Amino acid sequence: MTKAATLTSEPVTPTAVLNLVQSIERHGPNAPAGLAFRSALRRAGLEADAAGGLAAIDGLMHAVADADPDRASSRTVFLRAVWADLLPDAVPKAQI
């Protein structure tokens, strides 16, 4: 089964991603529930990538950040960590 075949056909919404992030914040990232929500967040990133690529992921990250300006930075860092392999490298590997 291919990666695309395992993904749902419904688009990932900013509200769904925000709900997952808030659930992780509530339970803690290393709690069993937090780990389950993190796994769901990872799947949401894969679905967004399959549906719209980097533009879709970027749009979701901006929407989550815009939802709460006081937590925007920490949430963006967290989403970048969870979706790291879906995002382009900030610094080309040849320059590291």
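Residues numbered from 1 in each chain as written. Predicted model: local features only at pLDDT ≥ 70, side-chain atom pairs only at ≥ 80, totals over all residues. Heavy atoms only, no water.

A.B. asks: Is there a simple way to think about the overall build of the protein in this case?
C.D. replies: Each helix and strand in the protein was counted, giving three helices and zero strands. In sequence order, the secondary structure elements of the protein are arranged as α-α-α. Within the protein, the proportion of its 96 residues that are buried is 32%. For the protein, the proportion of contacts with a sequence separation of at least 24, taken over those separated by at least 6, is 63%. (Helix = DSSP H or I, 4+ residues; strand = E, 2+ residues; numbered from the N terminus. Buried < 20%, exposed > 50% of the residue type's maximum accessible area, 1.4 Å probe, protein only. Contact = heavy atoms within 4.5 Å.)

A.B. asks: Would you mind showing me how to read helix α3 (residues 72-82) here?
C.D. replies: An α-helical turn contains 3.6 residues, so any two residues separated by three or four positions project in the same direction. Along α3, the positions that sit buried rather than exposed are A72, R75, F78, L79 and V82. End-on, the buried residues of α3 take up no more than an arc of 130°, which puts them together on one face. Residues of α3 that are exposed and point over 90 degrees away from its buried face: S73 and V77. (Arc of directions from axis to C-beta.)

A.B. asks: Sorry, what's going on with the packing of helix α2 (residues 32-67) against α3 here?
C.D. replies: Angle between the axes and distance between the axes are the two parameters that describe a pair of packed helices. The interhelical angle for the contact between α2 and α3, taken along N-to-C directions, is 125°, at an axis separation of 10 Å. Comparing their axes, α3 and α2 come out oblique. α3 is crossed by α2, and the crossing has left-handed handedness. Contacts from R38, L41, R42, M61, V64 and A65 in α2 reach A72, R75, T76, F78, L79, R80 and V82 in α3. Tallied by class, residues from the contact of α2 with α3 come to eight nonpolar, one polar and four charged. (Axes fitted to C-alpha atoms, helices over the stretch in contact; angles between N-to-C directions. Parallel < 35°, antiparallel > 145°, perpendicular 65-115°, else oblique. Left-handed = near helix turned anticlockwise from the far one by under 90°. Nonpolar A, V, L, I, M, F, W, Y, C, P; charged D, E, K, R; others polar.)

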